[in-house]
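Architecture and fold: a report
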Amino acid sequence: MRKGAPRQPGRPWTAITRGAGMAVCLWLTSPVAAVAQEAVSARYEGAVTRYPHGVLGDEVEYDTLAVTLSDGRVLRRRWNAPLVFEDVAPRLWDVTGDGLPEIVTVESHETRGARLAVWSVAGGSLDPLAATPFIGQRFRWLAPVGAADLDGDGAIEIAYVDRPHLAKTLRVWRFVDGALHEVAAATDYSNHRIGWDYIAGGLRTCGARPEMILASGDWTRIVAVTFDGTFAARDLGAYGADRMAATMACR
C-alpha cells in the first residue's frame, strides 16, 4: 500500500465550538508583526498518551497543531484534555474555495470520539473555522478522503470514511456560509485498516471530474466514486497495494 500520509511527527503535509475544558493556546515562534501569509506546511507536535485508542498502530496522539507560513513563521495551537489530534498528518486543503489552503485535521474527544476539523490562517493567526459533529462514542474514528468541488456547483465538498473498520460509511460535507453541512452518505466503503499509520486511496482527477478512490467494504475491490448530488461507483479491479498506488497515479 502506498503510504501517502506517514504518521511522522514533524513531517509536513502537502467553526469549531470550544466546549468546556477544551483550552486552546496560541503562540508564535517569533514576535514578528502579523501580516497576510499562506500556510505552506503543517505537522503535529506534543505527543500524549491520554487517549489510548491505538487505531494508528500505537497509543501516542498529539495535542498541538503547528503550521508554517510562507514567511517562515510557525503558528501553534494546543488542545488540552479532553481533545487530541488523532491523525496521520494535517492536510493543506482549500476548503473555502478562495485558492488558499486551510488545515484539515482529525480530532478526538475522550468520550465522544472523532470529528473532522478545519483551521484557517488569517491576519497572522491560526484559528478554528469549522467542524463536523463528533461521532458520539469513545474510540470511534474517521479517515479523510479529500476536498474538492466534487459536483461542479462552485462549493467545496470534503469527504471522509466514518468508522472505516465498523460503519464503513462514506460521508460528503459541503462548506457553505462558514460551516460544514452533510449532503450525502453511502455505505460499504473503507480506506483504513486497524494499525495502519496511513490512509489508503484518496482523491484523484484523471479526467474532467474528481474521483474518490476507496476500497470496497470487504477490501476485495478498488472503487472510484464520483458525486454529483448522488454517488456513482465504478469498479477498478481487485484490491492490492501496488494497484491502489497505480490507480492514484491515473494508471
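One numbering rule holds for all chains: residues counted from 1, following each sequence as written. Restriction of local features to residues with pLDDT of at least 70 applies here, the model being predicted, together with a cutoff of 80 or more for giving and counting side-chain atom pairs; totals for whole chains, interfaces and linings are based on all residues. The side-chain values count all of the structure's non-hydrogen atoms but skip hydrogen atoms and water molecules.

As named in an unreviewed UniProt entry, the protein chain is Integrins subunit alpha, taken from Antarctobacter heliothermus.

So, the overall build of the protein chain
The numbering of helices and of strands both runs from the N terminus, where a helix is a DSSP run of H or I of at least 4 residues and a strand a run of E of at least 2. Across its full length, the protein chain holds 1 helix and 18 strands. In the protein chain, which comprises 251 residues, the proportion classed as buried is 51%. Accessible surface, the protein chain: about 10200 Å² in total, of which carbon and sulfur atoms supply 49%. Only protein chains enter the accessibility calculation, which uses a 1.4 Å probe; a residue is then buried when its area is under 20% of its type maximum, exposed when over 50%, and partly exposed in between. Accessible areas in this description were obtained via Shrake-Rupley with a 1.4 Å probe; residue shielding takes into account the shown protein chains only.

Notes on the pairing of strand 10 (residues 142–148)
Within strand 10, 7 of the 7 residues are buried, which leaves it mostly tucked inside the rest of the structure. The pairing criterion for strands is at least two bridges between them, as found by DSSP. In terms of strand pairing, strand 10 meets strand 11 (residues 157–162) through 6 bridges, oriented antiparallel. Pairing of glycine 146 across the sheet is with alanine 159, part of strand 11.

Some words on the sheet that holds strand 13 (residues 179–187)
As summarised here, the arrangement of the 4 strands in space is 10-11-12-13, forming an open sheet in which the pairing is antiparallel. In the strand order of this sheet, the two ends are held by strand 10 and strand 13, each with one partner. Geometrically, the sheet is characterised by an average inter-axis angle of 25 degrees between neighbouring strands, direction not taken into account. For strand 11 and strand 12 (residues 169–176), the ladder comprises 6 bridges, and the chain directions are antiparallel. Bridging from a neighbouring strand, aspartate 162 pairs with threonine 169 of strand 12. All axes are obtained by fitting lines to C-alpha atoms, using only the stretch in contact for helices, and the reported angles, taken between N-to-C directions, cover 0 to 180 degrees.

Overview of the state of the cysteines
Any two cysteine sulfur atoms lying within 2.5 Å of each other are counted as a disulfide. One pass over the structure, following the stated rule, counts 1 disulfide. Covalently, cysteine 206 is tied to cysteine 250 through a disulfide, its sulfur atoms 1.9 Å apart. An S-S torsion of about -85 degrees defines the bridge between cysteine 206 and cysteine 250 as left-handed. Note that cysteine 206 is positioned in the loop between strand 15 (202–204) and strand 16 (211–216) and cysteine 250 in the segment after helix 1 (241–248), a separation of 44 residues in sequence. Residue class for cysteine 250 comes out partly exposed when judged on its relative accessible area of 39%.

Topic: the pattern of salt bridges
Salt bridges, as used here, are contacts in which a Lys or Arg side-chain nitrogen is within 4 Å of a carboxyl oxygen on Asp or Glu. Enumeration according to the criterion identifies 15 salt bridges in this entry. A salt bridge links arginine 171 to aspartate 162, with the shortest nitrogen-to-oxygen separation between them at 2.8 Å. Of the two residues, arginine 171 and aspartate 162, neither departs from the other in class, the shared state being buried. When the shortest N-O distance is used, the salt bridge between aspartate 235 and arginine 221 registers 3.0 Å. Of this pair, aspartate 235 sits in strand 18 (residues 231–238) while arginine 221 sits in strand 17 (residues 221–227), and the two are 14 residues apart along the sequence. Overall, arginine 221 belongs to the partly exposed group, its relative accessible area being 32%. Among the charged side chains, a salt-bridge network with shared partners connects Asp151, Asp153, Glu157 and Arg174.

A look at helix 1
For helix 1, every residue scored as buried is listed here: Met244, Ala246, Thr247 and Met248. For this analysis, residues touch if any pair of their heavy atoms sits within 4.5 Å. Contacts from the buried residues of helix 1 go to strand 15, strand 16, strand 17 and strand 18. Immediately downstream of helix 1, the backbone of cysteine 250 shows phi near 65 degrees, a positive value.

Points about the pairing of strand 3 (residues 61–69)
By the criterion of burial, strand 3 is predominantly enclosed, with 9 of the 9 residues buried. Across 5 bridges, the pairing between strand 3 and strand 4 (residues 74–79) is antiparallel. Bridge assignment links threonine 68 to a residue of strand 4, and that residue is valine 74. Remark: 4 residues form the turn of the hairpin made by strand 3 and strand 4, two consecutive strands paired antiparallel; glycine 72 in that turn has positive phi of roughly 95 degrees.

Section: the packing of aromatic side chains
Two rings from Phe, Tyr or Trp (for Trp, the six-membered ring) form a pair when their centres are within 6.5 Å of each other. A pair whose planes differ by under 30 degrees is stacked, one over 60 is edge-to-face, and the rest are tilted. In total, this model carries 10 aromatic pairs according to the counting rule given. Residues tyrosine 160 and tryptophan 173 carry aromatic rings whose centres are separated by 6.4 Å and whose planes lie at 20 degrees to one another, so their mutual orientation is stacked. Within this pair, whereas tyrosine 160 is found in strand 11, its partner tryptophan 173 is found in strand 12, the two being separated by 13 residues in sequence. For the pair shown, tyrosine 160 and tryptophan 173 are each scored as buried. The rule is short: NZ of Lys or CZ of Arg within 6 Å of the ring centre and within 35 degrees of the ring normal puts a charge over the ring. In this arrangement the basic side chain of arginine 91 is found over the ring face of tryptophan 93, its NZ or CZ atom lying 5.9 Å from the centre.

Some words on the nonpolar core
Take the buried Ala, Val, Leu, Ile, Met, Phe, Trp, Tyr and Cys residues and link them wherever side-chain atoms come within 4.5 Å; each set so joined is a nonpolar core. In this structure, Val95, Leu116, Val118, Trp141, Ile158 and Leu180 are the most contacted members of the largest nonpolar core, which totals 23 residues. Mapped onto this core, the elements with two or more residues apiece are strand 7 (102–109), strand 8 (113–122), strand 9 (125–131), strand 10, strand 11 and strand 12.

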